[in-house]
Amino acid sequence: MIPVTKPYLPNREKLNRYIDGIYERAWLTNNGELVQELTKRLEAYLGVENLLLVANGTLALQIAYRALGISGRDEATEAITTPFTFVATASSLKWEGVTPVFADIDPNTWCLNPANIEPAITPNTRAIVPVHVFGNACDVEAMGAIAQKHRLKVIYDASHAFGVNYKGESLLKHGDAATLSFHATKLFHTGEGGAVVFKRKEDLERAKKMINFGITGPETIEALGINAKMNELQAAMGLCVLDEMEENLKARAAVWHRYEQALNQTLQLQAKPKGLEYNYAYFPIVLESEEQAVRAAATLKENGVLARRYFYPSLESVACLGAEAGQPVSKEIASRILCLPIYSELITDSIDKTVGIVKEVTNG
Ligand SMILES: *Cc1c(COP(=O)(O)O)cnc(C)c1O
């Protein structure tokens, strides 16, 4: 079976050497040497400041909401977000006691449509939580302007946007915070892991205390906190994966371009803004109808290829999130989308086989 994605496994000997070091120091967590090293190297690689490593991408969102004062308040609080995303974007808000309010996406970029944000603002709105979905850039200029006008915080869920540049600089520089997921299936990973990139140093400092129970000294607990720390084994994996990022990206780009050349005439692909330097994290296609998408996924599976209906369902249909429905574009795209297999070791034969089946289904 060809999976939709495959975790990137870096050089084993190098990982062993890092683990030897962990054994020698007998230091497994609590801001160890490797976590510090990975923090510095990621800031340099991504071209950002104020990066905080955490245990996973969902906690990255939760810590960002807390550090920016969105969650942990007594009064009713709302955040405007997109229903076209992984469940964690909205469920982390709900978990933090913030009501997710969905606004519909743009039919071409599939990111939150800025035109739908203002109508969703109420006196309880404190934040906008857009998603750079599949690594595409949201309309950051428009969102920044709306946020400034209404004094809202912007937290980008940038889980898919590792290494993406927009207009010559990191996409992660936009918003009061941008969060990353380093889950095993993501482009860059630490097994489980994540990070928050804060705009302001003072927010980073507040968040640093929050991820370690609010403890600031041997006998001081300064504020309410939680345990969201990354450990040394996660950081060791990250350092190894980061070393091989160039090869990984090159291989994925080749896969991505082969799909694109074969399919861009006949299928709807994600529209990207000018000035975007993409990371080749995903290859989503939109079929003509839900029936065709379901049939394509089934035919691919019969032939040993696992494409995924991703993101499906659109989150307004998920009852436990408690948000109101009424986002027809998201519902429509979610019903017709498929993500095709993409990972660095995917061979040309497998790409061509997948393309052949997709073409057969869409022409027939
Ligand atoms: C993966 C992902 C998350 C959650 O990250 P974890 O590291 O798995 O907790 C959140 N949002 C989006 C859009 C994701 O794809």
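Details of the structure are given in the entry above.
All of these numbers come straight from a predicted model, not from anything done at the bench. Counting restarts for each chain: residues are numbered from 1 in the order of the written sequence. With pLDDT at 70 or above as the cut-off, local features in this predicted model cover only qualifying residues; side-chain atom pairs require 80 or more to be listed or tallied, and sums for whole chains, interfaces and linings still use all residues. By convention in this description, side-chain values take in all heavy atoms of the structure and omit both hydrogens and water.

Draft legend 1. Quick look at the overall build of the chain. Along the backbone of the chain there are 11 helices and 14 strands. Summarising its shape, the C-alpha atoms of the chain cover approximately 70 × 55 × 35 Å along the three principal directions. Throughout this description, buried means an accessible area under 20% of the type-specific maximum (1.4 Å probe, protein chains only), exposed means over 50%, and partly exposed covers the range between. Burial analysis of the chain (364 residues in total) assigns 54% to the buried set. Any two residues having at least one pair of non-hydrogen atoms within 4.5 Å are treated as being in contact. Within the chain, contacts between residues separated by at least 24 positions form 72% of all contacts whose residues are at least 6 apart in sequence. Note on areas: Shrake-Rupley, 1.4 Å probe, and residue coverage restricted to the protein chains presented here. Surface accessibility of the chain: about 16200 Å² in total, with carbon and sulfur atoms responsible for 51%. His is not counted here, nor are the chain ends, while Lys and Arg score as positive and Asp and Glu score as negative. Charge coordinates come from a single atom per side chain, which is NZ of Lys, CZ of Arg, CG of Asp or CD of Glu. Positive and negative side-chain charges of the chain, numbering 37 and 43 respectively, have mean locations separated by a distance of 1 Å. Strands are runs of DSSP state E lasting at least 2 residues, helices are runs of H or I lasting at least 4, and numbering of each runs from the N terminus.

Draft legend 2. Structural detail: the site of the ligand. When we say a residue is near a molecule or strand, we mean one of its heavy atoms is within 4 Å of it. The local shell around the ligand holds 14 residues, among which Thr58, Asp157, His160, Ser181 and Lys186 are the closest. We call two N or O atoms a polar contact when they sit within 3.5 Å, provided that within protein one can donate a hydrogen and the other can accept it, with sequence-adjacent residues counted only if both atoms are side-chain atoms. Contact between the ligand and Asp157: a nitrogen atom at 2.7 Å from a side-chain N or O atom of the residue. In the environment of the ligand, a nitrogen atom lies 3.3 Å from a nitrogen or oxygen atom belonging to the side chain of Ser159. Taken by itself the ligand offers 380 Å² of open surface, and the protein chains cover 93% of this. Counting residues per element, the ones that place at least two in the shell around the ligand are helix H3 (57-67) and helix H4 (87-95).

Draft legend 3. Seen up close, the sheet that holds strand E8 (residues 177-181). Following DSSP output, two strands are said to pair if at least two bridges run between them. One open sheet accounts for 7 strands, arranged E1-E9-E8-E5-E4-E2-E3; its pairing is mixed. Here the strands that pair on one side only, and so sit at the sheet edges, are strand E1 (51-54) and strand E3 (99-102). Sheet twist, expressed as the average angle between the axes of neighbouring strands with direction ignored, equals 25°. Where helix H6 (residues 201-210) meets the sheet, it contacts E1 and strand E9 (194-198), and its direction lies at approximately 20° from that of E1. Axis lines are fitted through C-alpha atoms, for helices just across the contact stretch, and the angle between N-to-C directions can take any value from 0 to 180 degrees.

Draft legend 4. Here's a closer look at helix H2 (residues 33-46). Given a rise of 1.5 Å per residue, 14 residues ought to cover 20 Å, and the 20 Å separating the end C-alpha atoms of H2 matches this to within 8%. Of the residues making up H2, those classed as buried are Leu34, Val35, Leu38, Thr39, Leu42 and Leu46. One side of H2 holds all its buried residues, which, seen down the axis, span an arc of 140°. What points out from H2, more than 90 degrees from its buried face, is the exposed set Lys40 and Ala44. On its buried face, H2 sits against helix H1 (12-25), E1, strand E7 (169-170), E8 and helix H7 (232-243). The span expected for a helix works out to 1.5 Å for each residue beyond the first. Directions pointing from the helix axis toward each C-beta atom define the arc.

Draft legend 5. Examining the pairing of E1 more closely. A two-sided burial pattern is seen for E1, the buried positions comprising Leu51 and Leu53 on one face and Leu52 and Val54 on the other. As paired strands, E1 and E9 are joined by 4 bridges and run antiparallel to one another. Directly across from Val54, in E9, lies its bridge partner Gly194.

Draft legend 6. Quick peek at the environment of Arg12. Its place among the elements puts Arg12 in helix H1. Since its relative accessible area comes to 58%, Arg12 is described here as exposed.

Draft legend 7. Structural context of unusual backbone geometry. The amide bond that connects Tyr310 to the next residue, Phe311, takes the cis arrangement and shows omega of 5°. Residue placement: Phe311 occurs in the loop between helix H9 (290-302) and helix H10 (328-336). Of note, the bond from Tyr312 into Pro313 is cis; its omega dihedral lies within 30 degrees of zero at 0°. With respect to the helices and strands, the residue Pro313 is situated in the loop between H9 and H10. Of note, the phi angle at Lys167 is positive, near 50°, even though the residue is not glycine. Among the structural elements, Lys167 can be located in the loop between strand E6 (165-166) and E7. Given the relative accessible area of 55%, Lys167 is considered exposed.

Draft legend 8. Looking closely at the packing of H1 against H7. As a packed pair, H1 and H7 sit with axes 9 Å apart at the nearest point and diverge in direction by 150°. Comparing their axes, H7 and H1 come out roughly antiparallel. When the axes of H1 and H7 are compared, the crossing they make is right-handed. Residues Lys14, Leu15, Tyr18, Ile19, Ile22 and Arg25 of H1 form the contact with H7, whose participating residues are Glu232, Leu233, Ala236, Met237, Leu239, Cys240 and Asp243. For the contact of H1 with H7, the class distribution of residues is 9 nonpolar, no polar and 4 charged. Roughly parallel means an angle under 35 degrees; roughly antiparallel means over 145; roughly perpendicular covers 65 to 115; every other angle is labelled oblique. By convention, the crossing between two helices is left-handed when the near helix turns anticlockwise from the far helix through less than a right angle, and right-handed when the turn is clockwise. Polar here means any residue outside two lists: the nonpolar Ala, Val, Leu, Ile, Met, Phe, Trp, Tyr, Cys and Pro, and the charged Asp, Glu, Lys and Arg; Gly therefore counts as polar.

Draft legend 9. Representation of the packing of aromatic side chains. Aromatic rings from Phe, Tyr and Trp, with only the six-membered ring used for Trp, were paired whenever their centres fell within 6.5 Å, and each pair was classed as stacked if the ring planes differed by under 30 degrees, edge-to-face if by over 60, and tilted otherwise. Within this structure, the stated rule accounts for 18 aromatic pairs. Summarising the aromatic geometry, the rings of Phe84 and Phe311 are spaced 5.7 Å apart at their centres and angled 90° between planes, so their arrangement reads as edge-to-face. Of this pair, Phe84 sits in the loop between strand E2 (78-81) and H4 while Phe311 sits in the loop between H9 and H10, and the two are 227 residues apart along the sequence. On the accessibility criterion, Phe311 (3% relative accessible area) is buried. Consider the rings of Trp110 and Phe134, whose centres lie 6.1 Å apart with planes at 85°: the pair is edge-to-face.

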